[in-house]
Amino acid sequence: MNHTIRVLVADDHYMVRQGIRALLNGANGIEVVGEAENGQEAVDLAEKLRPDVIVMDISMPQLDGIEATERIQAMKLPSQVVILSMYANANLVRQALKKGARAYLLKRSATEELLLAVQKVVNGEVYLSQMVVENEN
């Protein structure tokens, strides 16, 4: 695939967004096209920028990541949502997937895992972090 994967990063912590931006922009074929610091801004930027992938935190002000994911899905955008959260709670994982997220990883996951998840969702696959899968059992 010689199309650059366009990514929107949504997290309420500036340093976290900067870290994700640096990681993704350093990867071949991925470009961060925008950043949102809350769920409402994520929805607005998703509509405006129409990114391929949105890396979304769950706990954010104004609108949480799961609600934002649901609204983005309702707009029928081409964007795939990757949830990047501190929480391995099985109910949150199920809720996020039910609302349209295509991947769920933990912030303590290896950085390579985020790159893998971005690639997988762009190819139409679902990706769950190994730590999330282990927590289910």
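About the cut-offs
Residues numbered from 1 in each chain as written. Predicted model: local features only at pLDDT ≥ 70, side-chain atom pairs only at ≥ 80, totals over all residues. Heavy atoms only, no water. Helix = DSSP H or I, 4+ residues; strand = E, 2+ residues; numbered from the N terminus. Buried < 20%, exposed > 50% of the residue type's maximum accessible area, 1.4 Å probe, protein only. Contact = heavy atoms within 4.5 Å. Pairing = 2+ DSSP bridges. Right-handed = clockwise from strand over helix to strand, strands pointing away. Salt bridge = Lys/Arg side-chain N within 4 Å of Asp/Glu carboxyl O.

Its place among the elements puts Thr4 in the segment before β1 (5–10). With relative accessibility at 35%, the residue Thr4 sits in the partly exposed group. Once the C-alpha coordinates of Thr4 and Val32 are considered, the two residues, 28 residues apart in sequence, prove to be 10.0 Å apart. What Thr4 contacts, discounting residues up to four positions off in sequence, is Gly29, Ile30, Glu31 and Asp52.

Taking burial as the measure, the 7 residues of strand β2 (residues 30–36) include 5 buried ones, the bulk of the element. Two elements, β1 and β2, share 6 bridges in a ladder whose sense is parallel. Bridge pairing links Leu8 to Gly34 in β2. Taking the sense of rotation as the criterion, the β-α-β connection linking β1, helix α1 (residues 14–25) and β2 turns out right-handed.

Turning our eyes to something else, we now look at the pattern of salt bridges. Under the definition given, this model contains 7 salt bridges. We note a salt bridge from Asp11 to Lys107, for which the minimum N-O separation is 2.8 Å. Residue Asp11 is located in the loop between β1 and α1, and its partner Lys107 is located in the loop between β5 (101–106) and α5 (111–122); the two are separated by 96 residues in the primary sequence. For Asp11, a relative accessible area of 2% gives the class buried. Look at Lys107 and you get partly exposed, because its relative accessible area is 29%. Arg21 is paired through a salt bridge with Glu35; the nearest N and O atoms lie 2.5 Å apart. Placement of Arg21 in helix α1 and of Glu35 in strand β2 is noted, with a sequence separation of 14 residues between them. On the accessibility criterion, Arg21 (24% relative accessible area) is partly exposed. Connected through salt bridges with shared partners, the residues Asp11, Asp57 and Lys107 form a single ionic network.

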